[in-house]
Amino acid sequence: MIFKTVENLSIPEIAQLFNEAFADYFVKVELTPELLQSKIESEDLRTDLSIGLFHNEKPVAFMLHGLRETDGKKVAYNGGTGVIKEFRGQHATVKMYEKQLSILKEIGVDEIELEVIDKNIQAIKSYEKAGFRKTADLDCFMGKPNEPAKNSGLRIQEIQSFDHQLFQSFWEWRPSWQNATATIEKLTDSITYGAFIGDELAGYLTAYPKGARVLQFAVAPNYRRQGIGSSLFHYFADTVSGEINVNNIDDPSQTTQRFLKAIGLKHFLTQNKMTLKL
Ligand SMILES: CC(C)(COP(=O)(O)OP(=O)(O)OC[C@H]1O[C@@H](n2cnc3c(N)ncnc32)[C@H](O)[C@@H]1OP(=O)(O)O)[C@@H](O)C(=O)NCCC(=O)NCCS
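The rules behind these values
- Counting restarts for each chain, with residues numbered from 1 along the sequence as it is written.
- For this predicted model, a pLDDT threshold of at least 70 governs which residues receive local features, and a threshold of 80 or more governs which side-chain atom pairs are given and counted, while totals over whole chains, interfaces and linings are taken from all residues.
- Remark: hydrogens and water are excluded; side-chain values derive from all non-hydrogen atoms of the structure.
- Only protein atoms enter the calculation, which uses a 1 Å grid: trapped sets of points that fit a 1.4 Å probe without letting it out are cavities, open sets showing protein on both sides within 12 Å along at least five of seven lines are pockets, and any residue with an atom within 4 Å of a point is a lining residue.
- Grid points are joined across faces, edges and corners, and a volume is the space filled by probe spheres set on the points.
- Numbered from the N terminus, helices here are DSSP runs of H or I no shorter than four residues, and strands are runs of E no shorter than two.
- For this classification, Asp, Glu, Lys and Arg are treated as charged, while Ala, Val, Leu, Ile, Met, Phe, Trp, Tyr, Cys and Pro are nonpolar and the rest, including Gly, are polar.
- Partly exposed residues are those whose accessible area sits between 20% and 50% of the maximum for their type, while under 20% is buried and over 50% is exposed, using a 1.4 Å probe and protein chains only.
- Strands are treated as partners if at least two bridges between them are detected by DSSP.
- For this analysis, residues touch if any pair of their heavy atoms sits within 4.5 Å.

Q: Which residues make up the layout of surface pockets, and what values do they have?
A: There is about 810 Å³ of room inside the second largest pocket. Forming the boundary of the second largest pocket are 34 residues, of which Arg-224, Gly-229, Thr-255, Thr-256 and Phe-259 lie nearest the centre. Among the elements of the structure, β10 (213-219), α7 (228-237) and α8 (255-262) are those that each provide at least two residues to the lining of the second largest pocket. Grouping the constituent residues of the lining of the second largest pocket by class yields 19 nonpolar, nine polar and six charged.

Q: Please give an account of the pairing of strand β9 (residues 200-208) that cites residues and values.
A: Burial analysis of β9 places eight of its nine residues in the buried class, the great majority of the element. As paired strands, strand β8 (residues 191-197) and β9 are joined by seven bridges and run antiparallel to one another. Counterpart to Ile-191 in the pairing with β9 is Ala-207. Pairing geometry for β9 and β10, over six bridges, is antiparallel. From the neighbouring strand, Tyr-208 faces β10, where its bridge partner is Arg-213. In textbook terms, the turn of a hairpin is the stretch between consecutive antiparallel strands, and for β9 and β10 this stretch comprises four residues, one of which, Ala-212, has a positive phi near 50 degrees.

Q: Explain the environment of Met-274 to me, using residue names and the numbers behind them.
A: Structurally, the position occupied by Met-274 is in strand β12 (residues 266-277). When its relative accessible area of 0% is taken as the criterion, Met-274 is described as buried. Counting along the chain gives 113 residues from Met-274 to Ser-161, while the straight-line C-alpha distance between them is 34 Å. The residues contacting Met-274, other than those within four sequence positions of it, are Ile-112, Glu-113, Leu-114, Val-116, Ile-124, Tyr-127, Glu-128, Phe-132, Arg-133, Lys-134 and Thr-135.

Q: I'd love a proper account of the pairing of strand β3 (residues 58-70), names of residues and values included.
A: With 10 of 13 residues buried, β3 is to be regarded as a mostly interior element. Bridge count between strand β2 (residues 51-55) and β3: four bridges; the pairing is antiparallel. What sits directly across from His-55, in β3, is Lys-58. The turn joining β2 and β3, which pair antiparallel and follow one another in sequence, is formed by two residues; a positive phi near 50 degrees is taken by Asn-56. Sheet topology note: the β3/strand β4 (residues 73-83) ladder contains 10 bridges and is antiparallel. Its bridge partner being in β4, Glu-69 is matched across the sheet by Lys-74.

Keep in mind these values describe shape, not function.
What follows is the structure, encoded as structure tokens:
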């Protein structure tokens, strides 16, 4: 067994490894090479910094890691860990993290974060052994939003120019790595709707229509409880077929979770956010 980075594997090879390792996962995971390429680019994942485990030259386990500078800190993100069935039960994750940590320490990473489904006890135990601790609950919702209450002064339209500072001034909590502004900026095919009262932007919602996923949404504090958030969700849901997904809600006050339930979405999963300071 050899540990080395996955930088010499092609995108289709990594996609195949990913799908094989996630074949019996809690939720369906099926990455095409194109989807993996987009994930790597938008989440700033670095194959040259990501450890894999190889048996007879064949990759059998991996942990993809990305890198960003956030609030003056060098933060790494685990964008997926998988071990194929035949190689489970040998502490591959803990062993890979030993190598992974030395790579990340060498380049001055301050902390690593990851997300793991709260029912995935085996994975949580491995991450705890590697030194990670739970730092937040991330709630995931899906469904079709109800018809919102009418707000006659409200106009919703797609916007092309993004004032991220203004958007951020509406926030009560921060989006997770996959929904962060840094991800959205590199994600082709995302779309942003603005909710206007007169000429003033009162709220916005950014989504990834291909996956029917809402990535970010917020309403200006002085425009809350006027049906703006619910109208934005309904507007987006009308543009896609089937249910929409809203993942990784990190609002400790639970207000956003109450809002999502009130508009008719269902909580279907909680992830643990885990962090390791180096
Ligand atoms: C969650 C949020 C979008 C709701 O927007 P909103 O425009 O106020 O929501 P609506 O007026 O459409 O509310 C619809 C329903 O949700 C529920 N709801 C909304 N806010 C609520 C709150 N603070 N407490 C309890 N229920 C609430 C209510 O049932 C409400 O209906 P009602 O007003 O008739 O009772 C808004 O509070 C917000 O922007 N929060 C911060 C989000 C954030 O930080 N995003 C950044 C990371 S992506």
